[in-house]
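The residues making up each chain are set out below.
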Amino acid sequence: MTRVGPSLDPRAAAANGAPAAHATGRSRHRRAASSGRRAALVAAAVVVAAAVVAGATTGRDVDAVDPSGAVMPTADGGGGWQRVFAEDFAQPTATGAFERTYGDRFSVYHGFADTAGTGRYQASALTAHDGVLDVHLRTTAGGTPLAGGVVPLVDGRWGGQTAGRYSIRMKSDRVDGYGVAVLLWSDENVWADGEVDFPEGALGGTAGLNVHCVGDPEQKCVQNETAASLADWHTYTIEWTRSRMSFLVDGALVGTTTEFIPTARMHLVVQAGSIAGVPPRSAAGSLLVDWVTIDVPAAGADPQATTPDHDGR
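To keep things clear, this report deals only with the structure shown in the data block. (Residues numbered from 1 in each chain as written. Predicted model: local features only at pLDDT ≥ 70, side-chain atom pairs only at ≥ 80, totals over all residues. Heavy atoms only, no water.)

### Describing the packing of aromatic side chains
For any pair of aromatic rings, the description consists of the separation of the ring centres together with the inter-plane angle of the planes. Under the convention used in this document: Aromatic contacts are taken between Phe, Tyr and Trp rings whose centres are within 6.5 Å, Trp giving its six-membered ring; a plane angle under 30 degrees counts as stacked, one over 60 as edge-to-face, and the others as tilted. What counts as a helix is a DSSP run of H or I of at least four residues, what counts as a strand is a run of E of at least two, and both are numbered from the N terminus. Burial classes follow relative accessibility: with a 1.4 Å probe on protein chains only, a residue under 20% of its type's maximum area counts as buried, one over 50% as exposed, and anything between as partly exposed.
This structure, assessed with the given rule, holds 11 aromatic pairs. With a centroid separation of 5.2 Å and 55 degrees between ring planes, the pair formed by tyrosine 109 and phenylalanine 112 is classed as tilted. Between phenylalanine 198 and phenylalanine 247, the ring centres sit 5.6 Å apart and the planes meet at 75 degrees, which makes this aromatic pair edge-to-face. Taken as a pair, phenylalanine 198 in strand S9 (residues 195–202) and phenylalanine 247 in strand S13 (residues 245–249) lie far apart in primary sequence, 49 residues in all. As far as burial versus exposure is concerned, phenylalanine 198 and phenylalanine 247 are alike and both buried.

### Topic: the pairing of strand S6 (residues 146–152)
Under the convention used in this document: Any two strands with at least two DSSP-identified bridges between them are counted as paired.
Of all the seven residues making up S6, seven are buried; the element is thus mostly covered by neighbouring parts of the structure. Across three bridges, strand S2 (residues 106–108) lies against S6 in antiparallel orientation. By the bridge assignment, phenylalanine 106 is partnered in S6 with proline 152. With two bridges connecting them, strand S3 (residues 120–121) and S6 associate as parallel partners. Each residue of the ladder has a partner; that of tyrosine 121, found in S6, is alanine 147.

### Considering the environment of threonine 226
For clarity, the cut-off: Two residues qualify as a contact provided that any one of their heavy atoms is within 4.5 Å of a heavy atom in the partner residue. Within 3.5 Å is the distance limit for a polar contact, defined as a pair of N or O atoms, with the added protein rule that one can donate a hydrogen and the other accept it, and that residues adjacent in sequence qualify only through two side-chain atoms.
Checked against the element boundaries, threonine 226 lands in strand S11 (residues 216–229). Those residues within four positions of threonine 226 in sequence are excluded, and the remaining contacts are Phe198, Thr206, Ala207 and Val254. Only 2.8 Å separates the side chain of threonine 226 from the backbone oxygen of alanine 207, close enough to count as a polar contact. Separated by 3.1 Å, the side chain of threonine 226 and the backbone nitrogen of alanine 228 make a polar contact.

### Topic: the nonpolar core
Note the following rule: Here the nonpolar core consists of buried residues drawn from Ala, Val, Leu, Ile, Met, Phe, Trp, Tyr and Cys, with membership extended through side-chain atoms lying within 4.5 Å.
Counting 53 residues, the largest nonpolar core has Phe98, Met170, Leu184, Tyr236 and Phe247 as the members making the most contacts within it. The element that contributes the greatest number of residues to this core is strand S16 (residues 285–297), accounting for five residues. With near-sequence residues (within four places) excluded, methionine 170 lies in contact with Val180, Val182, Pro199, Leu230, Asp232, Trp233, His234, Tyr236, Leu287, Leu288 and Val289. Counting residues in each nonpolar core, the second largest holds 12 residues, with Tyr121, Val151, Leu153 and Leu183 among its members.

Pasting the structure below:
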């Protein structure tokens, strides 16, 4: 794989080489603690696909090699994109051994509070089996809700990009009190650099899209609730270029904007944990990830994000 950008010192990170996106706090977006005026811009910035996204559920013919019914693309998407990261979780791990097996490909969150402040990120929540990453959410015997989070490492190193195409194929159980966020987060852990959440929502609920305004992240400059259910297998894609960001579900455009585009270096995060208060002790279930890919602009290329008149399907 090709290294993108300068090497970053993992010792500066908050946990295992990666600072926590969505750390403890009321808004989920401040580093260690923790509408309005731009609402009128959303209509101009977002294009919602007219067609309803159908649930791509798994069937009886699904197997460990292709658990979600859609094989991970083995090459970049063309059009100036270059593949720098791809993982389909084909190597199984024992319970609690994900980090030992995949530590050269992912930084793993553990030892600090989750977004809502009631759960705790632990590597023991992560297991690879049957061709998927299983983030298993539940409450421990000691009463602590578990959370799980990973950051893909390009060429084995922590650090993000300033443009990219990020795809994840995933589904989740319906688990009361828990949610998931797949997001782009500042390498410098500065919320004002921007935040891009897609998909985001309660486990088993509806997949949402939220782009927080650069410089004023308390505001959401782009917001959309898609027709996709997190309870079904779907492929979610963020396309981030200098001039446009676009968001796709199974290749269908569900949102795009030419404004509020981050310019700082950002990395992909996949995290799941408690979302409001303390989840019921009996609540338990999984976020399943079939595969993750990252493409970046090829040398000298200027790839374009999908536009409404050129749907990615």
